[in-house]
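Observations on the three-dimensional arrangement
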Amino acid sequence: MTPGGKRVVLVAAVAENGVIGNGTEIPWRVPGEQQHFKALTLGHVLLMGRTTYDSIGRPLPGRTTVVLTRDRAWSADGVLVAHTVDEALALADGLDGDVMVAGGAQVYAALLPVADEQVVSEVPLRAEGDVRYPDVDETVWEVASRDLRDGYTVVTWRRR
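Residues numbered from 1 in each chain as written. Predicted model: local features only at pLDDT ≥ 70, side-chain atom pairs only at ≥ 80, totals over all residues. Heavy atoms only, no water.

Some remarks on the overall build of the protein chain
Of regular secondary structure, the protein chain possesses four helices and 10 strands. In sequence order, the protein chain lays out its α and β elements as β-β-α-β-α-β-β-α-β-α-β-β-β-β. Taking 2.2 N^0.38 as the reference for a compact globule, 160 residues should give roughly 15 Å; the C-alpha atoms of the protein chain span a radius of gyration of 15 Å, in line with that estimate. Across its three principal directions, the C-alpha atoms of the protein chain cover 40 × 30 × 25 Å. Expressed as a percentage of the 160 residues in the protein chain, the buried residues total 44%. The contacts in the protein chain between residues at least 6 apart in sequence include a share of 61% that link residues at least 24 apart. Of the roughly 8,300 Å² of accessible surface on the protein chain, a fraction of 49% belongs to carbon and sulfur atoms. Here the protein chain carries 16 positive and 22 negative side-chain charges, and the mean point of each set is 2 Å from the other. (Helix = DSSP H or I, 4+ residues; strand = E, 2+ residues; numbered from the N terminus. Rg over C-alpha atoms; globule rule 2.2 N^0.38 Å. Buried < 20%, exposed > 50% of the residue type's maximum accessible area, 1.4 Å probe, protein only. Contact = heavy atoms within 4.5 Å. Areas by Shrake-Rupley, 256 points an atom, 1.4 Å probe, with all protein chains shown as cover. Lys, Arg positive; Asp, Glu negative; His and termini not counted. Charge placed at Lys NZ, Arg CZ, Asp CG, Glu CD.)

Below you can see the structure in the form of structure tokens.
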């Protein structure tokens, strides 16, 4: 949770081997998965790292985008910028909706200790890539739901 009590939810699509990306590219296209991401994140704060933002290239409609970056000179039209996790969470507290974390790997790892939930689209393939999702520690997290979709499975993890 944020200091103000908003939920922090990590949202990711992850291959069987833990890969979430290859450089700045997602190494697959699964019909329906991007629509699931949109439905889950609309109306919320979308928190992502600068590299993830740059790969998208624009703020996504219907969400307030907060970009986490160490580069104090970086800015982009239509987004809020934070330089630390604490700053990002404080910014989110003043905005509508929960905090939906959209990557990349360093941002997932940095927010994992304060996350309340993880919504992971499990993609049934072993993808080539150099960007990985953090391991889920099942002593800390438990499966709250598992939803089979056409081509992937959405697993919701909740903190124990």
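A few points about the pattern of salt bridges
Pairing between side chains of opposite charge can happen when the charged atoms of each approach one another. The tally for this structure, following the rule as stated, stands at seven salt bridges. One salt bridge connects Glu117 with Arg7, and the closest N-O pair in it is separated by 3.2 Å. One end of the pair, Glu117, is in strand β7 (residues 117–123); the other, Arg7, is in the segment before β1 (8–15), and 110 residues separate them in sequence. Since its relative accessible area comes to 29%, Arg7 is described here as partly exposed. (Salt bridge = Lys/Arg side-chain N within 4 Å of Asp/Glu carboxyl O.)

Description of the sheet that holds strand β10 (residues 153–159)
The eight strands lie next to each other as β5-β4-β3-β6-β1-β7-β10-β9, forming an open sheet whose pairing is mixed. Where the open sheet ends on each side, the last strands, each with one partner, are β5 (80–82) and β9 (141–148). Strand after strand, the sheet turns through a mean of 25° between neighbouring axes, direction not considered. Of the pairings in the sheet, the one linking strand β4 (residues 64–68) to β5 comprises three bridges and is parallel in character. The residue of β5 that forms the bridge with Val66 is Leu80. Running at roughly 170° to β7, helix α1 (residues 33–41) makes contact with β1, β3 (45–49), β6 (99–101), β7 and β10 of the sheet. Helix α3 (residues 85–93) rests against β1, β3, β4, β5 and β6 of the sheet, and its axis sits at about 145° to β5. (Pairing = 2+ DSSP bridges. Axes fitted to C-alpha atoms, helices over the stretch in contact; angles between N-to-C directions.)

Digging into unusual backbone geometry
At the junction of Gly103 and Gly104, the peptide bond is cis and its omega measures out at 0° in the coordinates. Tracing the chain through its elements places Gly104 in the loop between β6 and α4 (105–111).

By themselves, these figures tell us nothing about what the structure is for.
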